[in-house]
Amino acid sequence: MSRVLLLLLILVSSVTHANTILILGDSLSAGYRMNASQAWPQLLAKRWQQEGLAVELVNASVSGDTTQGGLQRLPALLKKHQPSLVLLELGGNDGLRGLPPALIEKNLNQMINMAQDSGAKVILTDIQLPPNYGRRYLQKFEAIFSDLAKAHKVPLLPFFVAPLIGQDGMLMDDGIHPTAQAQDAIVSQVHGFLVPYLTDSRKL
């Protein structure tokens, strides 16, 4: 193999690696009660492809997953995909089950450290719960995400379900999960937030 060809292969490999995004989430990102191709991560990947962005998006989201489940799955995912950016969208199921906020924070903290230790940048997704969980619990739960973002100096993606609340046809009957109709709106939110970090890694 010529030296020039070898350098080209290394360059291509580095570009691909620099744009590999791992999404580790729950049903909000897995496409609950819909075809996986309809879920916002797949639609976002398609949009980036159409825009000519060299981005490989790996959606490792699993419906019903918790921060503990994500923590157990993350090492293998990091090893397999070697992402440069990890988007964490977990904690909702923990909150719905009333798990201790301290435990949720501990698990997310470990995942952030694990991803950063692998060389990946991290973006944390803010999560909100329905208002019927009690003011005290909600305050402790919702503080987890902003506190971790500040402590680790990582970007905090606003809770992408919040703008959908109250809009006809955007949420399923449970009032929690976005419908297939809502996925494009989520794509717009996440796209607008992530693109600057893709084009200028110094912002992470």
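Attention here is on the structure that accompanies the text. (Residues numbered from 1 in each chain as written. Predicted model: local features only at pLDDT ≥ 70, side-chain atom pairs only at ≥ 80, totals over all residues. Heavy atoms only, no water.)

1. What to know about the sheet that holds strand β1 (residues 20-25)
The sheet built from five strands is open, its strands ordered β2-β1-β3-β4-β5 with parallel pairing. At either end of the open sheet lies a strand with only one pairing partner, and these are β2 (56-59) and β5 (156-157). Bridging between strand β3 (residues 85-89) and strand β4 (residues 121-125) involves four bridges; their strand directions are parallel. Across the sheet, residue L87 finds its bridge partner in β4, namely I123. Strand contacts of helix α6 (residues 101-117): β1, β3 and β4, with the helix running at about 155° to β4, the strand carrying the most contacts. Together, β4 and β5 form the strand contacts of helix α7 (residues 135-152), whose direction differs from that of β4 by roughly 160°. (Pairing = 2+ DSSP bridges. Helix = DSSP H or I, 4+ residues; strand = E, 2+ residues; numbered from the N terminus. Contact = heavy atoms within 4.5 Å. Axes fitted to C-alpha atoms, helices over the stretch in contact; angles between N-to-C directions.)

2. Here we look at the packing of aromatic side chains
A full pass over the atoms with the stated rule returns five aromatic pairs. With 5.6 Å between their ring centres and 45° between their planes, F193 and Y197 make a pair best called tilted. Linking F193 with Y197, this pair stays in helix α8 (residues 183-199), spanning four residues, or about one helical turn. As far as burial versus exposure is concerned, F193 and Y197 are alike and both buried. (Phe/Tyr/Trp six-rings, centres within 6.5 Å; stacked < 30°, edge-to-face > 60°. Buried < 20%, exposed > 50% of the residue type's maximum accessible area, 1.4 Å probe, protein only.)

3. A short note on the environment of I165
Turning to its location among the elements, I165 is positioned in the loop between β5 and α8. When its relative accessible area of 55% is taken as the criterion, I165 is described as exposed. Linking I165 and I176, residues eleven residues apart in sequence, is a C-alpha distance of 8.8 Å.

4. Some points on α7
With 18 residues, α7 extends 26 Å between its outermost C-alpha atoms, agreeing within 8% with the 26 Å of an ideal straight helix rising 1.5 Å per residue. Taking the largest bend as the criterion, α7 deviates by roughly 30°, centred on I144. Y137, L138, F141, I144, F145, L148, A149 and H152 are the residues of α7 that are buried. Contact partners of the buried residues in α7: α5 (92-96), α6, β4 and β5. Phi turns positive one or two residues past the end of α7, at K153, with a value near 55°. (Expected span 1.5 Å × (residues − 1). Bend = angle between axes of the 7 residues up to and from the residue.)

5. Re the packing of helix α4 (residues 67-81) against α6
Running from amino to carboxyl end, α4 crosses α6 at an angle of 10°, the nearest separation of the two axes being 9 Å. When the axis of α4 is compared with that of α6, the two are roughly parallel. Contacts from T67, Q68, G70, L71, L74, P75 and L78 of α4 reach α6 at I104, N107, L108, Q110, M111, M114 and A115. For the contact of α4 with α6, the class distribution of residues is nine nonpolar, five polar and no charged. (Parallel < 35°, antiparallel > 145°, perpendicular 65-115°, else oblique. Nonpolar A, V, L, I, M, F, W, Y, C, P; charged D, E, K, R; others polar.)

6. A closer look at empty space enclosed by the protein
Following the criterion strictly, the structure yields one cavity of 30 Å³ or more and no others. Estimates place the volume of the largest cavity at around 30 Å³. What lines the largest cavity is S27, L28, G31, Y32, M34, H177, P178 and Q183. For the lining of the largest cavity, the residue count by class is four nonpolar, four polar and no charged. (1 Å grid on protein atoms, 1.4 Å probe; cavity = no way out; pocket = protein on both sides within 12 Å on 5 of 7 lines; lining within 4 Å. Points joined across faces, edges and corners; volume = space filled by probe spheres on them.)

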